[in-house]
Amino acid sequence: MAQAPMEEEECPELIPIEDQEVAGEEAELSHGTKIPVTIITGYLGAGKTTLLNYILTEQHSKRIAVILNEFGEGSALEKSLAISQGGELYEEWLELRNGCLCCSVKDNGLKAIENLMQKKGKFDYILLETTGLADPGAVASMFWVDAELGSDIYLDGIVSVVDAKYGLQHLTEEKPDGLINEATRQVGLADLIIINKTDLISQEELNKIRTAVRSINGLVKILETQRSRVDLCEVLDLHAFDSLSGISLQKKLQHVQTTHPHLDKSIVTVTFEILGNTTEENLNEFIQNLLWERSVKDKAGHPMEVIRLKGLVSIKDKSHQVIVQGVHELYDLEETTVSWKEDDERTNRLVLIGRNLDKDILKQVFIATMTEKQENS
Ligand SMILES: Nc1nc2c(ncn2[C@@H]2O[C@H](COP(=O)(O)OP(=O)(O)OP(=O)(O)O)[C@@H](O)[C@H]2O)c(=O)[nH]1
Ligand SMILES: [Zn+2]
């Protein structure tokens, strides 16, 4: 039940979704048959294709489909779909009507994937490489919403490859319109960061880029590689967007620390905890004010800009912890399989990644939203 704002944005797929209660058990069951998609993002030349090729040629028992999207000449976007199975490599080309992956992959790409699955049997896994300048949030939202629409595919996680040598330069690049630059966005949204090409830098430089990445995303796991060589189990099946990550998320959130701006106008991670229960209504109001209305502002009056949101909250009358997920304007609440114990203190822990975030103000607003409505009801 991912929720999107009402107004139509660039991506027509981001329509509001009817609330439907998905019981924990049901959700778990359906994961057995659904196919995970991992989005591989990262700036131009960081090593995304190298990573995909590595994964395809590595020994694994999975049948992995890989979608590479590259901009060809003109406005048509050609996407190559490679499927590896037992060393054999199939390849198909998908033709997309316009150059915007986020608007067209749903119509053509996803359909093509589903058609292909009918023809050749299901894949076990899908990897999708975005172009270096893509906003992975738009692509992620699409798969996320699609999962709600009964697709066979669900979003497993976002992996960002960072160029060890040029990463800092990419992260500090200023956009003329004051927007968050692509590289920073990709790091902010990621569930896993691979700092690649470590052969090209010194230990000191590596420390710098690691610190910069960590200052943006306090939640993310960081790997360091050469030629994108990673352990497959560190990349696949992250379950970053579903309630199956409930237990690990709890541990993870406890260790997250609020970060401090490291680069100019950089994105930071803010985390806070508020004891007690909230209601679904209050939580929706808090999140919607933040993500949709942009009415929550920092001390200087700048609207807070959240690109990623994660949390575990306690909803009154719910026996289990509820996971909160947000990517840009899209968010989702889902009950986990982790129940509150009798002697547990009920608590809400949120992690936000974005710009102009002020922890104290966020806490105040959260508490205000929490108490205001509960008094009225
Ligand atoms: N020195 C060095 N070069 C690397 C490493 N990993 C990848 N490369 C090289 O970097 C170049 C870019 O790698 P790709 O995998 O194509 O990067 P990409 O992110 O897919 O690039 P785009 O799709 O163009 O955005 C290639 O020439 C790779 O061979 C590494 O660890 N060290
Ligand atoms: Zn590539």
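The record in UniProt for the chain states the following under Catalytic activity (unreviewed entry): "GTP + H2O = GDP + phosphate + H(+)".

Student: Whenever I open this one, the environment of Ile-153 confuses me. Can you help?
Tutor: Mapped onto the elements of the fold, Ile-153 is located in strand β6 (residues 153-163). A sequence separation of 71 residues divides Ile-153 from Glu-224, and the C-alpha atoms of the two residues are 29 Å apart.

Student: Just to check I follow, could you spell out the site of ligand 1 for this structure?
Tutor: Residues in close proximity to ligand 1 total 15 residues, the closest being Lys-48, Thr-49, Thr-50, Asp-199 and Arg-227. The side chain of Thr-49 places a nitrogen or oxygen atom 2.8 Å from an oxygen atom of ligand 1. Within the backbone of Arg-227, one N or O atom sits 2.5 Å away from an oxygen atom of ligand 1. Ranked by residues supplied to the shell around ligand 1, first place goes to helix α2 (residues 48-57) with 3 residues. A class-by-class count of the residues in the shell around ligand 1 yields 4 nonpolar, 6 polar and 5 charged.

Student: Explain the pairing of strand β11 (residues 320-327) to me, please; I cannot follow it from the model alone.
Tutor: When a strand is regular, its side chains alternate between the sheet's two faces. Of all 8 residues making up β11, 7 are buried, and the element is well covered by its neighbours. Sheet topology note: the strand β10 (residues 305-313)/β11 ladder contains 6 bridges and is antiparallel. In the strand pairing of β11, Arg-308 is matched with Val-327. The antiparallel hairpin formed by β10 and β11 contains 6 residues in its connecting segment, where Asp-317 sits at a positive phi of about 75 degrees. The loop that links β11 with its antiparallel partner strand β12 (residues 330-339) comprises 2 residues; one of these, His-328, has a positive phi angle of about 50 degrees.

Student: Help me out: how do you make sense of the pairing of strand β9 (residues 268-275) in this one?
Tutor: Among the 8 residues in β9, 6 count as buried, and that is most of the element. Relative to strand β13 (residues 347-355), β9 runs antiparallel, the two being bridged by 8 bridges. In the sheet register, Val-268 faces β13, and the bridge partner there is Gly-354.

Student: What am I meant to see in the coordination of the zinc ion (ligand 2) here?
Tutor: A four-donor tetrahedral metal ideally has 109.5 degree angles, and a six-donor octahedral metal ideally has angles of 90 or 180 degrees. Within the protein, the zinc ion (ligand 2) binds to Thr-49 (OG1) and Glu-129 (OE); these donor distances fall in the range 1.9 to 2.2 Å. In this structure, the zinc ion (ligand 2) is coordinated by 4 donor atoms arranged in irregular fashion, with angles at the metal of 86 to 167 degrees. Taken together, the positions of Thr-49 in helix α2 and Glu-129 in strand β5 (residues 125-129) put the pair 80 residues apart, joining distant regions of the chain.

Student: How should I be thinking about empty space enclosed by the protein in this particular structure?
Tutor: In this approach a probe as big as a water molecule rolls over the atoms, and the regions it shows empty are the leftover space. This structure, assessed with the given rule, holds 2 cavities of 30 Å³ or more. Reported here for the largest cavity is a volume of approximately 80 Å³. In this structure, the largest cavity is lined by Gly-42, Tyr-43, Ser-160, Val-161, Val-162, Asp-163, Gly-167, His-170, Leu-171, Ala-183, Gln-186 and Val-187. The greatest single-element share of the lining of the largest cavity, amounting to 4 residues, is contributed by β6. Its residues placed into classes, the lining of the largest cavity shows 6 nonpolar, 5 polar and 1 charged. Lining the second largest cavity are Ala-190, Asp-191, Asn-217, Leu-219, Val-220, Lys-252, Arg-308, Lys-310 and Ile-353. Residues that form the lining of the second largest cavity fall into these classes: 4 nonpolar, 1 polar and 4 charged.

Student: Would you take a moment to explain the UniProt feature "domain: CobW C-terminal" (unreviewed entry) in the chain for this structure?
Tutor: Following the UniProt record, the feature "domain: CobW C-terminal" (unreviewed entry) maps to residues 268-366 here. Strand forms 44% of residues 268-366 and helix 22%; the C-alpha atoms that close the span are 19 Å apart.

Student: Explain a negative patch on the surface here, please?
Tutor: A contiguous patch of negative charge on the surface is contributed by Glu-342, Asp-343, Asp-344 and Glu-345. In this fold, Asp-344 is placed in the loop between β12 and β13.

Calculation notes
- Residues numbered from 1 in each chain as written.
- Chains lettered and ligands numbered in written order.
- Predicted model: local features only at pLDDT ≥ 70, side-chain atom pairs only at ≥ 80, totals over all residues.
- Heavy atoms only, no water.
- UniProt positions renumbered as here; feature names shortened; annotations may be inferred.
- Helix = DSSP H or I, 4+ residues; strand = E, 2+ residues; numbered from the N terminus.
- Near = heavy atom within 4 Å.
- Polar contact = N/O pair within 3.5 Å; in protein donor to acceptor, adjacent residues only side chain to side chain.
- Nonpolar A, V, L, I, M, F, W, Y, C, P; charged D, E, K, R; others polar.
- Buried < 20%, exposed > 50% of the residue type's maximum accessible area, 1.4 Å probe, protein only.
- Pairing = 2+ DSSP bridges.
- Donors = N, O, S within 2.8 Å, 3.2 Å for Na, K, Ca; no water.
- Tetrahedral: all angles 85-135°; square planar, octahedral: opposite > 155°, others 65-115°.
- 1 Å grid on protein atoms, 1.4 Å probe; cavity = no way out; pocket = protein on both sides within 12 Å on 5 of 7 lines; lining within 4 Å.
- Points joined across faces, edges and corners; volume = space filled by probe spheres on them.
- Patch = residues over 30% accessible without salt bridge, like charges linked within 9 Å, V, L, I, M, F, W, Y side chains within 5 Å.
- Areas by Shrake-Rupley, 256 points an atom, 1.4 Å probe, with all protein chains shown as cover.
- Salt bridge = Lys/Arg side-chain N within 4 Å of Asp/Glu carboxyl O.
- Lys, Arg positive; Asp, Glu negative; His and termini not counted.
- Charge placed at Lys NZ, Arg CZ, Asp CG, Glu CD.

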